[in-house]
Amino acid sequence: MERPPGPYTCLRARDGALLGFDFHMQRLMHAIRASGGSGSRVQEKEMRIQVLDVIAGALEDAALFRRVEESGEQKPSKTPIDAFVTVHAAISSSSLSSGLVLNAHAVTMPYTIMPPAITLEVRGDGRQHPEIKHSRWVRDRQELERFRSGPGGEVALSRPVGSGRDREVLEGLVSNIFAVKGGKLVTAQDGVLPGHMRSMTLEAARSLGVPVGEVNDCLRIEEIGEWEEAFLTGSGRVLVPIGRVEGTSVGLSGVDLPMAPGPMTNLLRARLLFDMNEGWEGMEELRRM
């Protein structure tokens, strides 16, 4: 929020390797081009190297910070770190340069322990351009942040569906949302940011033979009482079970889900962690691609 508005993306790093870098690179480039200005003319190959450079610097800073915290020594930590990295591109209208100012920040964030079940509050309408990850949303969502319930709680956006008063649950403020209904895994098909963990979860489900919802399947509020289990995904916390859904502003009484986490949530999280361990790519290798 301290920087000029611009596209950004968040990804995981481990001991100098990145997860899903190409996915995040393509999403960042899409957001930059959609945002206009001279930044829309930047070449992807040039941008790729610049992004890797700022990520490397952010990881060095995170390692140094960890070392100072652990021992007070002003040296980078020799212990491999798991980090959550944010890359931000401030866009200028200048025609004298690429018009982009890149920054990155990394914070250590372990993810191997299953988080406790959280409460999901359905409140607020879907975004106008959800497919673009832009820091303007960080500012716009501040009014909704106060409705997070309990530790780790999340707020879900929704939109009208059908001809009645029913609504479709779309996405969280910083997450994608999944539910299991009739043994089938369902998530919003559009109107959401296509997150990397969302993509990995759908791929994990298919590889495990888990039935996945079709294009016309959606998360209707009137059907929340039929959800067998639910969870949210995001690069920060990977996969988090949902134990309760509330939404008085959209006519929903609180619903406690029967399983949090349920068997499918546990299965998919285990597969996600396995796929993540297999998916790290070294930064030097990424520079040569």
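Here the structure is a predicted model, which means the values were calculated and not measured. (Residues numbered from 1 in each chain as written. Predicted model: local features only at pLDDT ≥ 70, side-chain atom pairs only at ≥ 80, totals over all residues. Heavy atoms only, no water.)

> Quick one: what's the story with the nonpolar core, residue by residue and with numbers?
Judged by nonpolar contacts, the single largest core of 27 residues is most densely connected at L18, F21, M47, V51, I55 and V85. Per-element tally for this core: the top contributor is helix 2 (residues 44–71), with eight residues. Excluding anything up to four places from it in sequence, V85 contacts T9, C10, L11, A13, I55, L59, A104, H105 and A106. In this structure, A204, V210, L239 and M264 belong to the second largest nonpolar core, which totals 21 residues. (Core = buried A, V, L, I, M, F, W, Y, C linked by side-chain atoms within 4.5 Å. Buried < 20%, exposed > 50% of the residue type's maximum accessible area, 1.4 Å probe, protein only. Helix = DSSP H or I, 4+ residues; strand = E, 2+ residues; numbered from the N terminus. Contact = heavy atoms within 4.5 Å.)

> Outline the packing of aromatic side chains, supporting the account with residue identities and numerical values.
By the definition in use, this model includes one aromatic pair. Judged by centre distance (5.2 Å) and plane angle (15°), the rings of F178 and F231 are stacked. Of this pair, F178 sits in strand 8 (residues 176–181) while F231 is found in strand 11 (residues 229–234), placing the two residues 53 residues apart along the sequence. Residue classification places F178 among the buried positions, given a relative accessible area of 0%. The class of F231 is buried, set by a relative accessible area of 0%. A cation over a ring is seen here: R123 above F147, with NZ or CZ 3.9 Å from the ring centre. (Phe/Tyr/Trp six-rings, centres within 6.5 Å; stacked < 30°, edge-to-face > 60°. Lys NZ or Arg CZ within 6 Å of the ring centre and 35° of its normal.)

> Explain the pairing of strand 7 (residues 167–172) to me, using residue names and the numbers behind them.
It is a general feature of regular strands that their side chains alternate between the two faces of the sheet. In terms of burial, strand 7 is a largely internal element, six of the six residues being buried. Sheet analysis places strand 6 (residues 154–160) next to strand 7, joined by four bridges and oriented antiparallel. Of the residues in strand 7, the one forming a bridge with A156 is G172. Joining the antiparallel neighbours strand 6 and strand 7 is a turn of six residues, in which G162 adopts a positive phi near 75°. The sheet contact formed by strand 7 and strand 10 (residues 219–220) spans two bridges and is antiparallel. Its bridge partner being in strand 10, V169 is matched across the sheet by L219. (Pairing = 2+ DSSP bridges.)

> Describe in detail unusual backbone geometry, supporting the description with residues and values.
Note: most peptide bonds trans; most residues except glycine with negative phi. Residue P261 is reached from A260 by a cis peptide bond, and omega for that bond is 0°. Its location among the elements puts P261 in the loop between strand 13 (252–256) and helix 6 (263–278). Residues other than glycine seldom take positive phi values, yet V238 does so here, at roughly 65°. Considering the arrangement of structural elements, one finds V238 in strand 12 (residues 238–247). Overall, V238 belongs to the buried group, its relative accessible area being 0%.

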